[in-house]
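The chain contents come next:
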Amino acid sequence: MKKINVTVWNEYGDDQKEKAVKDIYPHGMHITIAEFLNKDESIIAKTAVMQDAEHGLKEEVLADTDVLIWWGHMLHDNVEDYVVNRVTDHVRRGMGIIFLHSAHKSKPFMQLLGTSGSLGWREAGERARIWTCEPSHPIAQGVPNQFAVENEETYSEPFGIPQPLETVFISWFSGGNVFRSGVTFQRENGRIFYFQSGHETYPVYHNEHVQKIITNSVKWAAPVIKVNSLDCPNIQQLEKI
């Protein structure tokens with residue numbers, strides 16, 4: 001069985017090295033995510049952070065990546081545009097990508113979807129209840145009809161995205177807001193999944209259901225086909241003209 005090569009990318013800024021975060025994710029959220037993904041025998045997960053050369057996303061890294069997981073928060077503008085263009089080119093050619101939490105304002109997200117990624121938010125440690133809207137979807141397999149995350153940053157509609165292919169999950173927050181928290185898209189050959197859960201000061205990525213959703217999404221986003229180029233070739237006729 002061919003394994004799915006995953007790169008878990010984290011901006012890993014100073015805010016993620018504060019004690020409140022390190023108590024939950026001692027080695028960083030990217031390490032926690034890679035560790036639970038690697039428990040699945042079909043996945044090989046490695047990590048990269050913004051501080052690496054070329055943000056850890058050199059051409060050879062992306063060429064060997066089936067699915068890229070992107071976690072960004074405060075440093076979206078610091079990501080070099082040439083790296084963004086490289087990432088989105090690989091997605092269009094077939095690499096899957098999963099955007100987590102605040103990655104809705106990342107450059108690759110906005111470039112691929114062509115919208116602002118805007119939303120309402122507040123950080124009050126509210127209880128979130130995540131509802132499964134499409135129980136037959138591959139990303140929802142083994143996930144309950146609904147489950148609670150006891151503390152989470154609140155996101156709220158309206159969400160500045162194009163119409164999703166599927167809305168797999170919707171979240172309700174104890175302050176009364178709702179949000180399309182798990183949505184899919186496709187851009188040319190690449191599959192895209194956005195999943196809201198995962199503020200750094202709460203242990204969301206230790207939740208078994210959140211882990212299941214991310215693991216499932218990796219398998220769903222794995223390439224069906226990868227192409228070497230998106231150039232416009234000159235073609236020969238097949239029939240007599």
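Counting restarts for each chain: residues are numbered from 1 in the order of the written sequence. Residue-level local features of this predicted model are given only where pLDDT is at least 70; pairs of side-chain atoms are given and counted only at 80 or more, and the full residue set underlies all totals for whole chains, interfaces and linings. Each side-chain value is derived from all of the structure's non-hydrogen atoms; neither hydrogens nor water enter the calculation.

**Some points on the overall build of the protein chain**
So, step 1. Check the secondary structure of the protein chain and you find six helices and nine strands.
So, step 2. Throughout, the radius of gyration refers to the C-alpha atoms, and the reference size of a globule is 2.2 Å times the residue count to the power 0.38. Here the C-alpha radius of gyration of the protein chain, 18 Å, is about what a compact globule of 241 residues would show, namely 18 Å.
So, step 3. In terms of its C-alpha atoms, the protein chain occupies a principal-axis envelope of roughly 65 × 40 × 40 Å.
So, step 4. Exposure categories follow from relative accessible area, calculated using a 1.4 Å probe and restricted to protein chains: below 20% of the type maximum is buried, above 50% is exposed, and the middle band is partly exposed. Within the protein chain, the fraction of its 241 residues that count as buried is 53%. Helical segments are the DSSP runs of H or I of at least four residues, strand segments are the runs of E of at least two, and each set is numbered from the N terminus.

**Focus on a nonpolar patch on the surface**
So, step 1. Patch rule: a residue counts if its relative accessible area is over 30% and it has no salt bridge; like charges are joined within 9 Å, and nonpolar side chains (Val, Leu, Ile, Met, Phe, Trp, Tyr) within 5 Å. Methods summary: accessible areas were calculated by the Shrake-Rupley approach with a probe of 1.4 Å, and residue burial reflects only the protein chains presented. Salt bridges, as used here, are contacts in which a Lys or Arg side-chain nitrogen is within 4 Å of a carboxyl oxygen on Asp or Glu. Together, Trp 131, Ile 170, Trp 172 and Val 178 make up a nonpolar patch on the protein surface, roughly 340 Å² of accessible area in all.
So, step 2. Within the secondary structure layout, Trp 172 lies in strand 7 (residues 166–173).
So, step 3. Residue Trp 172 is classed as partly exposed on the basis of its relative accessible area, which comes to 36%.

**So, the pattern of salt bridges**
So, step 1. Applying the stated criterion to the full structure yields 10 salt bridges.
So, step 2. Here Asp 66 ties to Lys 2 by a salt bridge, and the two come within 3.4 Å at their closest N and O atoms. Of this pair, Asp 66 sits in the loop between helix 3 (59–63) and strand 3 (67–71) while Lys 2 sits in the segment before strand 1 (4–10), and the two are 64 residues apart along the sequence.
So, step 3. On the basis of relative accessibility, which here comes to 10%, the residue Asp 66 falls in the buried class.
So, step 4. Classification of Lys 2 by relative accessible area gives exposed; the value is 64%.
So, step 5. With a shortest N-O distance of 2.7 Å, Asp 40 and Lys 219 are connected by a salt bridge. In this pair, Asp 40 is assigned in the loop between helix 2 (29–37) and strand 2 (43–49) and Lys 219 in helix 6 (residues 208–221), connecting sequence segments 179 residues apart.
So, step 6. Taken together, the salt bridges that share partners define one network made up of Lys 2, Asp 66 and Lys 226.

**Digging into unusual backbone geometry**
Trans peptide bonds make up the majority, and among non-glycine residues the majority have a negative phi.
So, step 1. The omega torsion across Glu 157 and Pro 158 is 5°, close enough to zero to call that bond cis.
So, step 2. Mapped onto the fold, Pro 158 is located in the loop between strand 6 (146–156) and strand 7.
So, step 3. A positive phi is found at His 101, a non-glycine position, where the angle reads about 55°.
So, step 4. Summarising the element assignment, His 101 is placed in the loop between strand 4 (96–100) and helix 5 (107–113).
So, step 5. Owing to a relative accessible area of 0%, His 101 belongs among the buried residues under this scheme.
So, step 6. Phi angles above zero are rare outside glycine, and Glu 188 is one such case at about 50°.
So, step 7. Tracing the backbone shows Glu 188 in the loop between strand 8 (178–187) and strand 9 (190–195).

**Considering the environment of Val 204**
So, step 1. Along the chain, Val 204 falls in the loop between strand 9 and helix 6.
So, step 2. When its relative accessible area of 1% is taken as the criterion, Val 204 is described as buried.
So, step 3. Put simply, Val 204 and Trp 121 are 83 residues apart on the chain and 17 Å apart in space, counted from C-alpha to C-alpha.
So, step 4. In this view, Val 204 contacts Tyr 25, Val 149, Asn 151, Glu 152, Ser 197, Gly 198, His 199 and Val 210; residues no more than four positions away in its chain are not counted. Two residues form a contact once any of their heavy atoms are found within 4.5 Å.

**Focus: the pairing of strand 4**
So, step 1. Judged by how many residues are buried, strand 4 sits mostly within the fold: five of five residues are covered.
So, step 2. Note on handedness: a crossover is taken as right-handed if, strands pointing away from the viewer, the path from the first strand over the helix to the second is clockwise. You can see the chain leave strand 3, run along helix 4 (residues 81–93) and come back into strand 4, and the turn it takes is right-handed.

**Examining the side chain of His 90**
So, step 1. One can find His 90 in helix 4.
So, step 2. When near neighbours in sequence (up to four residues on either side) are disregarded, His 90 contacts Glu 59, Leu 62, Ala 63 and Met 95.

**Some remarks on the packing of aromatic side chains**
So, step 1. A pair of aromatic rings is counted whenever rings of Phe, Tyr or Trp (Trp by its six-membered ring) have centres within 6.5 Å, and the orientation is called stacked for planes under 30 degrees apart, edge-to-face for over 60 and tilted otherwise. One pass over the full model with this rule turns up 11 aromatic pairs.
So, step 2. Taken together, a centroid distance of 5.1 Å and an interplanar angle of 90° make the contact between Phe 99 and Phe 109 edge-to-face. Placement of Phe 99 in strand 4 and of Phe 109 in helix 5 is noted, with a sequence separation of 10 residues between them.
So, step 3. The exposure class assigned to Phe 99 is buried, which follows from its relative accessible area of 0%.
So, step 4. Judged by relative accessible area, Phe 109 falls into the buried class, the value being 0%.
So, step 5. Ring pairing ties together the aromatic residues Phe 99, Phe 109, Tyr 155, Phe 159, Phe 179 and Tyr 194, which thus form one cluster.

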